[in-house]
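Structural characterization, general
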Amino acid sequence: MDFKKLKDEALKLKNKAVEVWKDAVEFSAGKLADSSLTLKTTQDLEKFIEKSSTTTWKDSSTWKEKKFKHQVIIIFVDLKSDFFKELLYKLPVLSTKAFSQNIALKAADINMKDIDSKKYKIWKQETLAVFQDKEVIKTLEGEEMIQKVVKSLSLDINKSIEEL
């Protein structure tokens, strides 16, 4: 076999591997998009935001009432964008950071029907919103800002968001 045939065979093999890799990425992105990590309807969105309500608990020995504040983080993004495909692989990292502080985190389709962008303070395509007591308390807009939260070495997601 001469060098040209060997080179052509290697090129064909490389192209086939790239195609298979792209198909795998598309398949994985589709499965993750359909998973519980994403919110697709406004009813799901409202139900998830309900988790940010403050809860009360009474100590049975002292009868003192304690209040626990909860937060949820929602990343609003277009499910058909390239950024969403990148975000799907970073969501587990963000979920881990959020879980370490007892915060729930999900992605939501920015194009869902009947979404009130003023209520959720969505001004750009990609927005990270932090909810507490069913109200938006902090937002980060744009891919770069969300990427900084992901790439931050700190596990304290609240601190990372506040610094930005």
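Residues numbered from 1 in each chain as written. Predicted model: local features only at pLDDT ≥ 70, side-chain atom pairs only at ≥ 80, totals over all residues. Heavy atoms only, no water.

Before going further, it helps to spend a moment on a negative patch on the surface. On the surface, a cluster of negative charge is contributed by Asp82, Glu86, Glu143 and Glu144. Those elements giving two or more residues to the negative patch turn out to be α3 (82-99) and α4 (143-151). Along the chain, Glu144 turns up in helix α4. (Patch = residues over 30% accessible without salt bridge, like charges linked within 9 Å, V, L, I, M, F, W, Y side chains within 5 Å. Areas by Shrake-Rupley, 256 points an atom, 1.4 Å probe, with all protein chains shown as cover. Salt bridge = Lys/Arg side-chain N within 4 Å of Asp/Glu carboxyl O. Lys, Arg positive; Asp, Glu negative; His and termini not counted. Charge placed at Lys NZ, Arg CZ, Asp CG, Glu CD. Helix = DSSP H or I, 4+ residues; strand = E, 2+ residues; numbered from the N terminus.)

All right, on to α4 then. Among all positions of α4, only Ile146, Gln147, Val149 and Val150 are buried. One face of α4 carries all of its buried residues, which in axial projection span an arc of 155°. What points out from α4, more than 90 degrees from its buried face, is the exposed set Glu144 and Lys151. (Buried < 20%, exposed > 50% of the residue type's maximum accessible area, 1.4 Å probe, protein only. Arc of directions from axis to C-beta.)

The two faces of a sheet get side chains in turn, since along a regular strand they alternate between them. Bridge count for strand β6 (residues 127-132) against strand β7 (residues 135-141) is six bridges, and the pairing is antiparallel. Its bridge partner lying in β7, Ala129 is registered against Thr139. Hairpin connection between β6 and β7: a loop of two residues separates the two successive antiparallel strands, and Asp133 in this loop has a positive phi of roughly 55°. (Pairing = 2+ DSSP bridges.)

With that settled, the discussion passes to the pattern of salt bridges. Side chains that differ in sign of charge can pair as their charged atoms come close. Summed over all chains, the structure comprises two salt bridges. For Glu46, the salt bridge identified is with Lys119, shortest N-O distance 3.3 Å. Of the two residues, Glu46 is situated in helix α2 (residues 42-49) and Lys119 in the loop between β5 (104-109) and β6; the sequence distance between them amounts to 73 residues. Between Lys134 and Glu50 there is a salt bridge, with its nearest N and O atoms 3.6 Å apart. With a gap of 84 residues between them, Lys134 in the loop between β6 and β7 and Glu50 in the loop between α2 and β2 (55-58) connect regions that are remote in the sequence.

Before going further, it helps to spend a moment on the nonpolar core. Counting 21 residues, the largest nonpolar core has Ile73, Leu87, Leu94, Leu128, Ile157 and Ile161 as its most contacted members. Within the residue set of this core, elements represented by two or more residues are β4 (71-77), α3, β5, β6, α4 and α5 (157-163). It is α3 that provides the largest number of residues to this core, a total of seven residues. The contact partners of Ile73, leaving out residues within four places of it in the chain, are Phe48, Ile103, Ala104, Leu105, Lys106, Leu128, Ala129, Val130, Ile157 and Ile161. Grouped together as the second largest cluster of nonpolar side chains are 15 residues, Leu39, Ala108, Met112 and Phe131 included. (Core = buried A, V, L, I, M, F, W, Y, C linked by side-chain atoms within 4.5 Å. Contact = heavy atoms within 4.5 Å.)

We now examine the sheet that holds β6. Read from one edge of the open sheet, five strands run β1-β5-β4-β6-β7, paired in mixed fashion. Every interior strand has two partners, whereas the edge strands, β1 (38-39) and β7, have only one. Where β4 and β6 come together, six bridges link them in antiparallel fashion. Bridge assignment links Val72 to a residue of β6, and that residue is Phe131. Sheet strands touched by α2: β1, β4, β5 and β6. Its angle to β4, the strand with the most contacts, is close to 150°. (Axes fitted to C-alpha atoms, helices over the stretch in contact; angles between N-to-C directions.)

Bringing the side chain of Asp109 into the picture now. The topology assignment puts Asp109 in strand β5. In terms of polar contacts, Asp109 uses its side chain to reach the backbone amide nitrogen of Asn111, at 3.0 Å. For Asp109, the contacting residues outside a window of four places in its chain are Leu39, Val77, Asp78, Leu79 and Ile115. (Polar contact = N/O pair within 3.5 Å; in protein donor to acceptor, adjacent residues only side chain to side chain.)

The next subject is the confidence of the model for the chain. As a general rule, the predicted coordinates of low-pLDDT regions are not to be interpreted in detail. For the chain, the mean per-residue pLDDT works out to 80, and 90% of the residues sit at or above 70. Across the chain, β4 holds the top mean pLDDT of 88, while α5 sits lowest at 73. (pLDDT = per-residue confidence, 0-100.)

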